[in-house]
Amino acid sequence: MSATVLDPTTALIVVDLQKGIVSLPTAHPTADVVARSAELAAAFRAKGLPVVLVRVTGGAPGRTEGPARGGRPAADWADLVAELDQQDGDIVVTKQQWGAFYGTDLDLQLRRRGVTQVVVTGVATSIGVESTARSAHEHGYHVTVATDAVTDMDEDAHKNSVEKIFPRLGETDTTDAILKLLG
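Residues numbered from 1 in each chain as written. Predicted model: local features only at pLDDT ≥ 70, side-chain atom pairs only at ≥ 80, totals over all residues. Heavy atoms only, no water.

Undergrad: Is there a simple way to think about the pairing of strand β2 (residues 51–56) in this case?
TA: Consecutive side chains along a regular strand alternate between the two faces of the sheet. For β2, the buried fraction is high: five of the six residues fall into the buried class. The pairing of strand β1 (residues 10–15) with β2 spans four bridges and is classified as parallel. Within β2, the position partnered with V14 by the bridge is L53. In terms of strand pairing, β2 meets strand β3 (residues 91–95) through five bridges, oriented parallel. Considered in β3, the bridge of V52 is made with I91. (Buried < 20%, exposed > 50% of the residue type's maximum accessible area, 1.4 Å probe, protein only. Helix = DSSP H or I, 4+ residues; strand = E, 2+ residues; numbered from the N terminus. Pairing = 2+ DSSP bridges.)

Shown next as structure tokens:
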């Protein structure tokens, strides 16, 4: 489905574009995801719309069958990439879970600003991006995912999220199409 409209108060949520994550091997080049996310952030700021920069500094407790992140991360692992050009007016969310809503004040921050829709970008498509998009949908926001501004460590997981999950949560489109809707 193509994106049809952006509400007057739409926020951009950029998920986990931080030094430690963009350096991981992904299905699509993270440089492209970063560049498109930065382009969207600049356009949202120019329109006076909220930009949310999300970073992860921990993980949920509990046993999993999947591999745990090993070792101690580099000191700058959670630093947002410079290309995002973080501004004083940006909302910065530090999360400990996959999604940007759980355990944070993101919903409160958005509601205080009258936000009714979110555009989501970032890494990883099937983890942080999908969890954030699901929660935004559950919180009653209109959701749009910029499908060329997301990537995953696993191509099949990325494809599943883009083709099967995101269309059930909202609309999807390219960065260029979303920029056109933004005007």
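Continuing now.
Undergrad: Looking at this model, I keep getting lost on the pattern of salt bridges. Mind explaining?
TA: Counted under the stated rule, the structure contains six salt bridges. With a shortest N-O distance of 3.1 Å, D16 and K95 are connected by a salt bridge. Residue D16 is found in the loop between β1 and α1 (19–22), and its partner K95 is found in strand β3; the two are separated by 79 residues along the sequence. Note on K95: relative accessible area 1%, which makes it buried. Here R134 ties to E130 by a salt bridge, and the two come within 2.8 Å at their closest N and O atoms. One end of the pair, R134, and the other, E130, are both in helix α4 (residues 125–138), four residues apart, so they sit about a helical turn from each other. The class of E130 is buried, set by a relative accessible area of 9%. (Salt bridge = Lys/Arg side-chain N within 4 Å of Asp/Glu carboxyl O.)

Undergrad: Help me understand the nonpolar core, please; the structure alone is not making it clear to me.
TA: Generally speaking, a soluble globular protein has its nonpolar side chains buried in company with each other. With 29 residues, the main nonpolar core has L12, L17, L40, F44 and L84 as its most contacted residues. Looking at this core, the elements with two or more residues in it are β1, α1, α2 (30–46), β2, β4 (117–123), β5 (142–151) and α6 (175–182). For this core, the leading source of residues is α2, giving six residues. Leave out the neighbours within four places in its chain, and L12 touches S37, L40, A41, F44, P50, V51, V52, V119 and T121. Of all hydrophobic cores here, the second largest spans 25 residues; its members include A11, L106, V118 and V129. (Core = buried A, V, L, I, M, F, W, Y, C linked by side-chain atoms within 4.5 Å. Contact = heavy atoms within 4.5 Å.)

Undergrad: Teacher, can you tell me more about the sheet that holds β1 here?
TA: Each strand in a sheet pairs with its neighbour through backbone hydrogen bonds, running either in the same direction (parallel) or in the opposite one (antiparallel). Strand order in the open sheet made by the six strands is β3-β2-β1-β4-β5-β6, with parallel pairing throughout. Bordering the open sheet on either side are β3 and β6 (171–173), each of which pairs with just one other strand. On average, each strand axis in the sheet is tilted by 25° relative to the strand beside it, whichever way the strands run. Here helix α5 (residues 155–169) sits on the sheet in contact with β5 and β6, set at roughly 165° to β5. Sheet contacts for α6: β4, β5 and β6; angle to β5, the most-contacted strand, approximately 140°. (Axes fitted to C-alpha atoms, helices over the stretch in contact; angles between N-to-C directions.)

Undergrad: How do you make sense of the packing of α2 against α6 when you look at a structure like this?
TA: Helix-helix packing is described using two parameters, namely the angle between the two axes and the distance between the axes. Put simply, α2 and α6 touch, their axes get as near as 11 Å, and they point 5° apart. Between α2 and α6, the angle is such that the two are roughly parallel. Between α2 and α6, the residues in contact are R36, E39, L40, A43 and F44 and T175, I178, L179 and L182, respectively. The residue makeup of the contact of α2 with α6, split by class, is six nonpolar, one polar and two charged. (Parallel < 35°, antiparallel > 145°, perpendicular 65-115°, else oblique. Nonpolar A, V, L, I, M, F, W, Y, C, P; charged D, E, K, R; others polar.)

Undergrad: Honestly, the environment of V15 in this entry has me stumped. Any pointers?
TA: You can see V15 is positioned in strand β1. Separated by 112 residues in sequence, V15 and I127 place their C-alpha atoms 9.9 Å apart.

Undergrad: Help me out: how do you make sense of the packing of α4 against α5 in this one?
TA: It is at 10 Å that the axes of α4 and α5 come closest, and there the two elements cross at 5°. In terms of their interaxial angle, α4 and α5 are classed as roughly parallel. Contacts between α4 and α5 involve T125, S126, V129, E130, A133, R134 and H137 from the first element and A157, H158, S161, V162, I165, F166, R168 and L169 from the second. Looking at the contact of α4 with α5, its residues break down into seven nonpolar, five polar and three charged.

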